[in-house]
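Examination of the molecular architecture
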Amino acid sequence: MPVSARTTEWYLAGLLEGILADAVITDVNPFVYSRPIEPDQIVDRDEETQALLKNAVGGHYVRLYAPRKYGKTSLLRRALADGERQEGLVPVLVDLYGVVSLADVAVRFERAYAKELRGAIRGRIEEFLQKTGLGLSLGAFGISARLQLEPKTDPLPALHALLDLPLRLEESGGFRAYIALDEFQDIRKVHSLDGLLRSHIQFQGEVASYVFAGSEPGLMKQLFEHKEAPLYGSAVPLRLGRLRDDDLADYVAERFRQTKRSVGETLNPLLASAKGHPQRAMLLAHRLWEEVEQEGTATLDDWERAHTAALDELQPEFEAQWRGLDTSEQKTLRAILAGEGSPYRTAVLERLALTKASAQKALQRLREQAEIEADEGRKQAIVDPLFAEWIASLA
């Protein structure tokens, strides 16, 4: 190759490398709100994590409950990771969101074990599963593949085998399983599944610890607090609350600083709007960060644009949520706002054409759906602070 051609080639290669280097995005928004965050990115939750681990090591089962978007899944992932690292537990996270059949549940358990088990223990469990002859596998061709090829396959024997895996783990070397069942309230869609689970877990206290995590207090109460329910009284309740303002303030300010920005005077209005709601705080911080250039300091004008952008993003969600409520529930939410947490003020009820009896019934339904909760002063508060702002704007 002529020298001039080789020189040209080197020049073009260098130019391309420079272009690619320039194209790499390094200034990345540090506030994640659209999915569960990594365990090391959680805002505080040290006390809750420690409570989960103490119960796990002690062999106790826990019922973790909180409204949606309060960070239950992220907390579970942190507790599982800490349990594995600090206590040698075998972590298994099973997502039960949307399950409607025993086949769904069997697939979720199989995939959860497939994702979490590693090394020699994985090999021993895989060998056991294959010996069952039920089509179970930690590889690509497990029970889901079998159900697709043979839709009439009864998934119950496979589910029994999967629910017994903590016993097999213990036989494989004295391992304690730490199993988190996320969105646990959805098992009510599968007939008698709670009874099936109880028939297994009641004998596993020495080899496994369970966390049942749910986001609808009414359904979780039915599963664990009704005397006729199979799981009645079988788990220690743990309520996940709002984040403290000082923890959120440190988190937001530090991540602005790490990305060469300052949150400045906008921190207080952000905290006031978020009201400790984990996901909404991250959404607001994300939108605010987008308004500030590197080396810049956020201003109140930046905050106003960020706040408006967040509400615009949530508009379709809030409209659908509002339409899903009946008229008495809509009026009751407005009464809570107008009464500053007291929904029974006479003037407010009269203005909204809402009777006290109707409000009482609506309040019960709204609590069960985790639309509202009592604050420290026992006044009623709408769980989602941005939804509350949106409702207030309707008036």
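Refer to the structure presented above.
Throughout what follows, the structure given in this document is the object of discussion. Note that the coordinates shown come from a computational prediction; the quantities given were computed from them, not determined experimentally.

**Re the nonpolar core**
In this structure, Leu96, Phe109, Tyr113, Leu181, Phe184 and Phe212 are the most contacted members of the largest nonpolar core, which totals 46 residues. In terms of residue count, helix α4 (residues 102–116) provides more of this core than any other element does, six residues in total. Beyond its immediate chain neighbours, meaning those up to four positions away, Tyr113 contacts Val92, Arg122, Leu138, Leu162, Leu165, Pro166, Leu169 and Ile179.

**Observations concerning the sheet that holds strand β5 (residues 236–239)**
Each strand in a sheet pairs with another by means of backbone hydrogen bonds, the pair being arranged parallel or else antiparallel. Pairing is parallel in the open sheet, where five strands are placed in the order β2-β3-β4-β1-β5. Each edge of the sheet is formed by a strand with only one pairing partner; in this case those strands are β2 (90–95) and β5. Geometrically, the sheet is characterised by an average inter-axis angle of 20 degrees between neighbouring strands, direction not taken into account.

**So, helix α2 (residues 46–57)**
Spanning twelve residues, α2 covers 16 Å between terminal C-alpha atoms, matching the ideal 16 Å at 1.5 Å per step. Listed in full, the buried residues belonging to α2 are Glu48, Thr49, Leu52, Leu53, Asn55 and Ala56. Viewed end-on, α2 has its buried residues packed into an arc of 165 degrees, placing them on one side of the element. Opposite the buried face of α2, by more than 90 degrees, sit the exposed residues Glu47 and Lys54.

**Thoughts on the side chain of Thr153**
By the element assignment, Thr153 lies in the loop between α6 (143–149) and α7 (156–163). In this structure Thr153 comes out as buried when scored by relative accessible area, which is 18%. Side-chain polar atoms of Thr153 contact the backbone oxygen of Glu150, separated by 2.8 Å. With residues up to four places along the chain from it excluded, the contact list for Thr153 reads Arg146 and Leu147.

**Description of the layout of surface pockets**
In this structure, the largest pocket encloses a volume near 1100 Å³. Considering the residues around the largest pocket, the lining is formed by 40 residues, among which Ile372, Glu373, Ala374, Asp375 and Ala381 are closest to the centre. Of all elements in the fold, only β1 (62–65), α10 (217–225), α15 (327–338), α17 (356–368), β6 (372–374), β7 (380–382) and α18 (385–394) reach the threshold of two or more residues within the lining of the largest pocket. If one sorts the elements of the lining of the largest pocket by residue count, α10 sits on top with six residues. Tallied by class, residues from the lining of the largest pocket come to 16 nonpolar, eight polar and 16 charged. The computed volume of the second largest pocket comes to approximately 830 Å³. Residue lining of the second largest pocket: 32 residues in total, with Arg35, Pro36, Gly71, Thr73 and Ser74 positioned closest to the centre. Every element with two or more residues in the lining of the second largest pocket is listed here: α3 (72–87), β2, α4 and α13 (278–290). At five residues, α3 tops the list of elements feeding residues into the lining of the second largest pocket. When grouped by side-chain class, the residues that make up the lining of the second largest pocket number 15 nonpolar, five polar and twelve charged.

**Quick look at the packing of α2 against α3**
Taken N-terminus to C-terminus, the directions of α2 and α3 make an angle of 55 degrees; their axes are 9 Å apart at the nearest point. On the basis of the axis angle, α2 is oblique to α3. Once α2 is placed against α3, the crossing between them reads as right-handed. From α2, Asp46, Glu48, Thr49, Leu52, Leu53 and Val57 reach across to α3, where they touch Leu75, Arg78, Ala79, Asp82, Gly83, Gln86 and Glu87.

Rules of the game
Residues numbered from 1 in each chain as written. Predicted model: local features only at pLDDT ≥ 70, side-chain atom pairs only at ≥ 80, totals over all residues. Heavy atoms only, no water. Core = buried A, V, L, I, M, F, W, Y, C linked by side-chain atoms within 4.5 Å. Buried < 20%, exposed > 50% of the residue type's maximum accessible area, 1.4 Å probe, protein only. Helix = DSSP H or I, 4+ residues; strand = E, 2+ residues; numbered from the N terminus. Contact = heavy atoms within 4.5 Å. Pairing = 2+ DSSP bridges. Axes fitted to C-alpha atoms, helices over the stretch in contact; angles between N-to-C directions. Expected span 1.5 Å × (residues − 1). Arc of directions from axis to C-beta. Polar contact = N/O pair within 3.5 Å; in protein donor to acceptor, adjacent residues only side chain to side chain. 1 Å grid on protein atoms, 1.4 Å probe; cavity = no way out; pocket = protein on both sides within 12 Å on 5 of 7 lines; lining within 4 Å. Points joined across faces, edges and corners; volume = space filled by probe spheres on them. Nonpolar A, V, L, I, M, F, W, Y, C, P; charged D, E, K, R; others polar. Parallel < 35°, antiparallel > 145°, perpendicular 65-115°, else oblique. Left-handed = near helix turned anticlockwise from the far one by under 90°.

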